[in-house]
Amino acid sequence: MSSGEMREVMTDFKQIDVTTLLPQQPPFVLIDHLLHFDEEVTTTSLLVRDGDMFVENGRLNPCAYVENIAQTCAARLGYINKYIYHRDVCIGFIGAVKNLYVVRPALVGETLTTTINVREEVMQLTLVDATVKVGEETVCTAEMKIALAET
């Protein structure tokens, strides 16, 4: 998406039902809210709840970080498709995960704030750097490549 393609769109992110941006649906949704979107940066949040998928013994299984990052990417693409291009949500796939570093699992009651920074977009591939935080503490970082499915 070039800067010339950006136009005024919905920015009251609190009004957006995040499930309308994702191909995933409950119970496999690992983000609660879209907090920020621009061409390069997207941020989401997730409250870790007891009984949620991927929660074991009061802790979020660290594998969930990969899906949380992927769904933050999906929310970015869903926002672009729904609010900028007025198209249906696309399905994407994790193409690669590199340099995944998990500091610690999140605990029930903690809120994850996941931020992706787009490093590169070429054709149907997007490369992002991701940071997952609890408050000011970084609990996970990774690089991820997302590939869009052919429509």
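Residues numbered from 1 in each chain as written. Predicted model: local features only at pLDDT ≥ 70, side-chain atom pairs only at ≥ 80, totals over all residues. Heavy atoms only, no water.

### A word on the side chain of Gln71
Among the secondary structure elements, Gln71 is positioned in helix 1 (residues 63–84). There is a polar contact of 2.9 Å between the side chain of Gln71 and the backbone oxygen of Phe28. Setting aside residues no more than four positions away along its own chain, Gln71 makes contact with Leu22, Gln24, Phe28, Val29, Leu30 and Ile31. (Helix = DSSP H or I, 4+ residues; strand = E, 2+ residues; numbered from the N terminus. Polar contact = N/O pair within 3.5 Å; in protein donor to acceptor, adjacent residues only side chain to side chain. Contact = heavy atoms within 4.5 Å.)

### Some thoughts on the confidence of the model for the protein
For the protein, mean pLDDT is 91; residues scoring 70 or higher make up 93% of the total. Below a pLDDT of 50 lies the segment residues 1–7, which in the model reaches 18 contacts outside its immediate sequence neighbourhood of four places, other chains included. (pLDDT = per-residue confidence, 0-100.)

### Brief notes about the sheet that holds strand 7 (residues 125–134)
In space, the six strands of this open sheet follow the order 1-2-6-7-8-5, with antiparallel pairing throughout. Two strands in the sheet have a free side with no partner beyond their single neighbour: strand 1 (33–37) and strand 5 (92–102). Ignoring strand direction, the axes of neighbouring strands in this sheet form an average angle of 20°. Pairing of strand 1 with strand 2 (residues 41–47), which is carried by four bridges, proceeds in the antiparallel orientation. The partner of His36 across the bridge, within strand 2, is Thr43. (Pairing = 2+ DSSP bridges. Axes fitted to C-alpha atoms, helices over the stretch in contact; angles between N-to-C directions.)

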